Amino acid sequence: MTYLDHAATTPVLPEVLAAMTEQLGRVGNASSLHASGRAARRTAEQARERLAAALGARPSEVLFTGGGTESDNLAVKGISWARREADPQRRRIVTSPIEHHAVLDSVEWLAKHDGAEVTWLPVEPTGRVTPEALRAALGDGSDVALVSVMWANNEIGTVSDLAALAAVAHEVGVPLHTDAVQAVGQVPVDFAASGVDALTLTGHKLGGPMGAGALLLRRDAACMPLLHGGGQERDVRSGTLDVAAIVGLAVAADVAVAGREDRAARLAGLRDRLVAGVVAQVPDAQLNGAPLDDELAGGPGRLPGNAHLSFPGAEGDALLMLLDAREVECSTGSACSAGVARPSHVLLGVGADPDRARSSLRFSLGSTSTEADVDAVLDVIAPVVERARRAGMSRA
Amino acid sequence: MRVLAAMSGGVDSAVAAALAVEAGHDVTGVHLALSPDRQTLRSGARGCCSVEDAHDARRVADELGIPFYVWDLAERFAADVVEDFVAEYAAGRTPNPCLRCNEKIKFSAVLDRARALGFDAVVTGHHARLADGELRRSVDAGKDQSYVLAVLTAEQLAGAVFPLGSMTKERVRELAAERGFAVATKADSHDICFIPDGDTRGFLARKLGEQPGPLVDAATGATVGEHSGTYGFTVGQRRGLGVSVGDQRPRYVLGIEPATRTVTIGTADLAGVREVRTGAPTWTGPAPSLPLRAAVQLRAHAAAVPCSVEASPEGLVIALDQVQRGVAPGQSAVLYAPDAERGDLVLGQGAVLRAG
């Protein structure tokens with residue numbers, strides 16, 4: 001099996017499995033006062049400190065959540081509500097059309113049910129949001145509740161300069177949230193240095209467990225809770241701490257960040273060979289997103305493990321099925337619960353025509369990827385594309 | 001063989017897919033999303049392809065260990081089946097959308113795409129026998145679906161596999177239960193999948209608008225009532241005419257004329273027909289030499305009647321041995337060669353143009 005869908009989820013790291021298994025064997029609610037509770041709390045807080053250290057945050061800025069979707073919902077809704085409560089003028093949310101659906105749908109829900117107004121940021125053809133575009137969208141910022149711009153795009157892998165964007169937002173006193181689910185462990189992410197006010201991350205994109213994520217939230221950022229109850233996480237997020245999952249998340253983030261530089265170089269090398277090999281066999285294949293060697297503020301401008309290609313005349317769905325039948329696992333973009341393929345909102349958002357958007361595939365490499373994985377794709381891609389083209393672009 | 005199993009989420013297609021796997025085929029499951037705005041949950045026994053149905057199909061595919069995909073055919077279905085359905089009613093005819101779906105979607109759009117992608121055939125849960133290119137009625141007469149498959153050509157049938165034709169529906173449910181499929185007890189779907197509330201007249205009224213016109217009694221030529229659209233009627237229909245003529249004898253729809261919006265009704269003695277004329281026929285195998293003796297079925301769930309079939313300039317002339325009622329233009333006249341032992345053989349069909 002050739003697994004090239006690390007942007008969907010990653011294999012759990014052995015260190016994570018060991019740490020979680022050990023913790024799962026222990027009793028104790030981190031909110032309890034007795035010895036078992038104290039032990040659980042100690043473990044959870046060690047994990048919080050470890051996660052904070054890996055990402056340049058203070059431990060008190062780490063709110064554990066149930067994953068990326070919850071963190072995005074909490075930041076978008078919670079910060080918007082808190083800002084509006086402080087000043088009812090602040091009804092506007094500034095975001096990009098290529099955000100993950102956890103952000104997009106939260107914003108659209110606020111617009112539909114809660115009187116929010118939305119300003120959609122223009123995006124470069126590569127998928128990048130520029131500081132100039134943000135500055136223009138903000139105006140004097142007095143009516144803006146929140147800016148939300150993803151650190152790295154989950155489909156086409158384009159990285160934006162969040163430090164520059166945060167600086168622009170702060171010029172007019174507006175907080176900025178970023179979904180960094182794909183960025184953490186792939187590109188340098190330092191919460192304090194970036195200046196962003198809130199940052200979403202999740203465990204299962206890092207070799208950690210599913211259902212475990214965090215929102216890094218600056219101490220001075222006001223945020224209303226979505227989940228009310230015991231107030232475990234700074235009174236912003238309630239729910240008994242899942243200590244084993246938290247341990248797994250912290251170990252995964254630590255390992256991923258510590259090994260980032262070496263891994264990024266290795267994955268970029270594999271990825272570049274994959275793209276070059278595919279284009280050599282399918283000359284009209286088109287790379288989506290930023291150039292492979294793109295750089296941004298001293299780091300990669302494109303996720304090192306991301307290869308996102310369009311194959312004109314072939315449907316992404318058909319390509320995926322044919323590759324699946326040949327034991328190559330990849331994706332047409334973000335998974336859709338209903339299972340019906342729609343043209344990617346990301347590709348449409350960067351100005352691609354619907355046919356190009358429907359004819360795309362994402363290969364995403366990760367820690368377990370090897371030269372053999374690249375070879376496996378290159379062995380089959382030409383006949384797969386040819387056959388998919390025979391099936392055509394009909395909507396059948 | 002490499003086969004594509006069309007999986008609706010119902011018990012029939014689940015068992016058909018399972019039997020294909022057990023027969024040693026390389027099976028891939030596909031759920032066809034046919035509605036542009038799919039409901040999250042099923043409502044009642046009607047309708048189809050809700051997200052819940054897709055989930056049911058996926059559950060079975062996962063248990064079978066086969067790949068599973070959802071193909072979005074909503075646009076094709078809307079154009080080839082739903083619009084055709086509305087246009088046929090608007091023209092005063094009574095279409096069969098299941099037949100059209102088999103002809104244009106399952107064994108055309110889906111089969112063509114499957115073949116292009118390297119599959120040999122499409123497996124479905126239809127109740128009909130298919131062996132050596134011969135399409136025959138199901139063993140289960142009550143569930144037989146050969147009528148809505150009769151439009152398929154030899155070329156289409158060469159790419160079809162119907163594993164359920166030689167078993168009863170009861171047996172299908174047993175096989176599903178034996179395999180632990182949750183859909184073993186799922187209710188059968190009924191009626192027209194894209195009209196989930198079952199109100200065809202209401203559906204057509206929304207599509208075509210109110211088109212009031214007269215109800216005319218054939219015997220007297222008198223207008224005996226009003227209707228809100230000819231599309232609300234089918235030739236042979238008795239119920240729901242909304243009129244009561246003096247003699248209190250039951251009236252049947254005899255004819256529909258959309259140009260004048262006239263629905264003609266009459267008594268039973270006027271409703272019988274002995275001869276049916278169809279458009280160009282399709283044959284499930286090599287075209288038979290005409291004239292021929294056969295049995296003809298004139299609508300879904302009707303008994304077939306013996307007949308003589310001759311060629312005509314527009315298609316076929318079918319002379320019925322017994323008088324029939326309720327022969328509606330637009331329905332398919334399906335010809336069978338009766339065979340009690342192996343199941344009646346489907347010869348082909350032609351769309352009814354008129355009957356008299």
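Residues numbered from 1 in each chain as written. Chains lettered and ligands numbered in written order. Predicted model: local features only at pLDDT ≥ 70, side-chain atom pairs only at ≥ 80, totals over all residues. Heavy atoms only, no water.

Accessible area lost when the parts come together is the quantity often used to give the size of an interface. Residue and element names in this part refer to chain A. Each assigned domain of chain A is listed with its residue range as follows: domain 1 (2-9 + 259-391) and domain 2 (14-257). Between the C-alpha centres of domain 1 and domain 2 there is a distance of 27 Å. With 32 residues of domain 1 in contact, the opposing surface of domain 2 contributes 33 residues. Of the roughly 2500 Å² buried between domain 1 and domain 2 on both sides combined, carbon and sulfur atoms contribute 53%. (Domains from an automatic or database assignment. Contact = heavy atoms within 4.5 Å. Buried area = accessible area lost by both parts, 1.4 Å probe.)

As a further point, take helix H3 (residues 74-90) of chain B. Residues and elements named next belong to chain B. For H3, the principal kink sits at Asp84 and spans about 30°. Among the residues of H3, Ala74, Phe77, Val81, Val82, Phe85, Val86, Glu88 and Tyr89 are the ones counted as buried. In this structure, the buried side of H3 is in contact with strand E2 (26-33), strand E3 (68-72), helix H4 (97-116) and helix H8 (200-208). Trailing H3 by a residue or two, Gly92 shows a phi angle of about 85°, which is positive. (Bend = angle between axes of the 7 residues up to and from the residue. Helix = DSSP H or I, 4+ residues; strand = E, 2+ residues; numbered from the N terminus. Buried < 20%, exposed > 50% of the residue type's maximum accessible area, 1.4 Å probe, protein only.)

Residues and elements named next belong to chain B. Taken domain by domain, chain B comprises domain 1 (2-125 + 163-185), domain 2 (210-270) and domain 3 (272-355). Look at where the C-alpha atoms of domain 2 and domain 3 centre, and you get two points 26 Å apart. Listed per partner, the contact involves 7 residues of domain 2 and 6 residues of domain 3. A combined buried area of about 410 Å² lies between domain 2 and domain 3, and 56% of that area is made up of carbon and sulfur atoms. Contact with domain 3 buries surface across domain 2, with Val235, Tyr252 and Ala268 losing the most and accounting together for 68% of the total. Counting across the domain 2 and domain 3 interface gives 0 salt bridges. Seen at the junction of domain 2 and domain 3, the total is 1 residue pair in polar contact (both at pLDDT 80 or more). At 3 residues, the largest contribution of residues to the side of domain 2 that touches domain 3 is made by helix H9 (residues 268-271). Taken together, the residues of the side of domain 2 that touches domain 3 break down into 4 nonpolar, 2 polar and 1 charged. (Salt bridge = Lys/Arg side-chain N within 4 Å of Asp/Glu carboxyl O. Polar contact = N/O pair within 3.5 Å; in protein donor to acceptor, adjacent residues only side chain to side chain. Nonpolar A, V, L, I, M, F, W, Y, C, P; charged D, E, K, R; others polar.)

Along an α-helix, residues three or four apart share an orientation, since each turn contains 3.6 residues. All names here are of chain A. Over its 21 residues, helix H13 (residues 371-391) extends 30 Å from the first C-alpha to the last, a length consistent with the 30 Å expected when each residue adds 1.5 Å. Taken as a whole, H13 carries its principal kink of about 45° at Ile381; the proline Pro383 stands between one and four residues after it. Residues of H13 that are buried: Asp373, Val374, Ala376, Val377, Leu378, Val380, Ile381, Val384, Val385, Ala388 and Ala391. Gly392 sits one or two residues past H13 and shows a positive phi near 80°. (Expected span 1.5 Å × (residues − 1).)

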